[in-house]
Structure formats: structure tokens, C-alpha cells
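# Observations on the three-dimensional arrangement
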Amino acid sequence: MKLYSLSVLHKGASKANLLKAAYDLSSFSFFQRSSVQEFMTFTSSLIVERSSHGSRASVKEQEYLCHVYVRNDSLSAVVIADNEYPSRVCFTLLDKVLDEFSKQVDRIDWPSGSPTTINYTALDGYLAKYQNPREADAMSKVQAELDETKIILHNTMESLLERGEKLDDLVQKSEHLGNQSKAFYKTARKQNSCCEIM
């Protein structure tokens, strides 16, 4: 999972204006980096120009996903990531960047601004922080912990069955279960096995 580009743009009447951008092109060869950066800037501008106000979208380009958010006030942001990066985290990042940018940069500067005239330095930090979506996003971190717990639970049940013991045999041998509980277990087991076959 990787983020390659994070851009803030202003959607004008006919074209998008790049205000600020950050890139992580370390996975590309040194000689390709300038061309890749130009292509990402061009793609980001094109996506913003073709998107309507108040919209969020994800556009697939080869093995990359371009996530765009164009606000009603024409302030826009684009993040370019690989296919594996979670879309929800990308849109959380775009929302956060646009909110912060609109508070720090005066609205009058948006239509005519450029990367050299706009004073906003947080994009590089966000791009670095969000390289690992589990660390940057609390929901992703919780989901990863839940997935890990689920794997541990499955492994525990498998290890119980690997020792040659069957759950059915344990229920029959149990002294702590009454006859009604054993009958309930057998009935439930039969109903569940019926559904598994279908």
C-alpha cells in the first residue's frame, strides 16, 4: 500500500489551478521521477476539471487509483495511490487536508495561487504519515486488530481439532453438561450441517 501524490487545486471555470502538491516517488527510478511527477500533476488537474462541484470520486488509471474531492467552494484535492490502499482512508485524508488548507490559506489566493506563492507546508507531513493507513487512521487500526483477533480465534479452534479431539466427543464425555444441553447441541449440529451442505 502506497501513496504517491497529494495535491490541492482550485477548480476554475475552464481549468484547474495547482496550488500545492507533495510527491513520494522513491519507488521510481531516479531518471523517471520528473516524468512521473509531471504525469501525476497533469492527471490530478484533469480529474478535477472533469469532476463536478461537491463530488467525491475514484478513478482507476492502470495500477493506480486517483481519489478526488471537489468541494462546493471550488477547493479540490487529489491523492494518487496504488490499488491496495483503502479508499475510505484516502477520502478522510482529502477531507482533513482541505479543511486545514482553507483555514490557513486565504480564499482570495485560491484562483491565482501557485505552488511557489502559496504558503502551506503540511502536505509532505500528511503524505508521510498516511503511508501506513493503519497508523494514520484509527478505524483501520481497529479493523486490523479485529482481523488479527479473528485469526487467533480460528487458529485456536484448529489447534484443538488437530490434537485428534472432536468437539462431538468432548460433548459426549462431559460430565458438566446435562442431557438437555447434549440434546440441544446435537440438534444444533444437525441443523448447521444441513445448511453447510447446501
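Quick note: structure is the one above.
Residues numbered from 1 in each chain as written. Predicted model: local features only at pLDDT ≥ 70, side-chain atom pairs only at ≥ 80, totals over all residues. Heavy atoms only, no water.

### A look at helix α3 (residues 122-129)
Selection criterion: For the exposure calls, accessible area comes from a 1.4 Å probe over protein chains only, and a residue counts as buried if that area is under 20% of its type's maximum, exposed if over 50%, partly exposed in between. Numbering of helices and strands runs from the N terminus; a helix is a DSSP stretch of H or I covering at least four residues, while a strand is a stretch of E covering at least two. Taking the helix axis as origin, the arc is that swept by the directions to the C-beta atoms. Two residues form a contact once any of their heavy atoms are found within 4.5 Å.
Every buried residue belonging to α3 is among L123, Y126 and L127, and all of these are buried. Across the axial projection of α3, the buried residues extend over an arc of 100 degrees, all falling on one side. Structural note: α3 exposes D124 and A128 on the side pointing more than 90 degrees away from its buried face. Buried residues belonging to α3 abut β1 (3-11), β2 (16-23) and α2 (87-104).

### Things to note about the sheet that holds β1
For clarity, the cut-off: Following DSSP output, two strands are said to pair if at least two bridges run between them. A fitted line through C-alpha atoms serves as each axis, taken over the contacting stretch for helices, and the angle formed by two N-to-C directions is quoted from 0 to 180°.
Taken in spatial order, the five strands make up an open sheet running β2-β1-β5-β4-β3, and their pairing is antiparallel. One side of each edge strand has no neighbouring strand; the edge strands of this open sheet are β2 and β3 (55-61). The sheet shows a mean angle of 20 degrees between the axes of neighbouring strands, direction not considered. Of the strand pairs in this sheet, strand β4 (residues 64-70) and strand β5 (residues 75-82) are connected by seven bridges, and their pairing is antiparallel. Residue pairing for β5: V70 is matched across the bridge by S76. Sheet contacts for helix α1 (residues 33-50): β1, β2, β3, β4 and β5; angle to β1, the most-contacted strand, approximately 45 degrees. Its contacts with the sheet place α2 against β1, β2, β3, β4 and β5, and it is angled at close to 145 degrees to β5.

### Brief notes about the side chain of D24
Stated precisely, the cut-off is as follows: Polar contact is defined as a pair of N or O atoms within 3.5 Å, subject to the rule that within protein one atom must be able to donate a hydrogen and the other to accept it, and that residues adjacent in sequence are counted only when both atoms are side-chain atoms.
Counting through the fold element by element, D24 comes out in the loop between β2 and α1. At 2.9 Å, the side chain of D24 forms a polar contact with the side chain of K2. Setting aside chain neighbours within four positions, we find D24 in contact with K2, L3, Y4, L127 and Q131.

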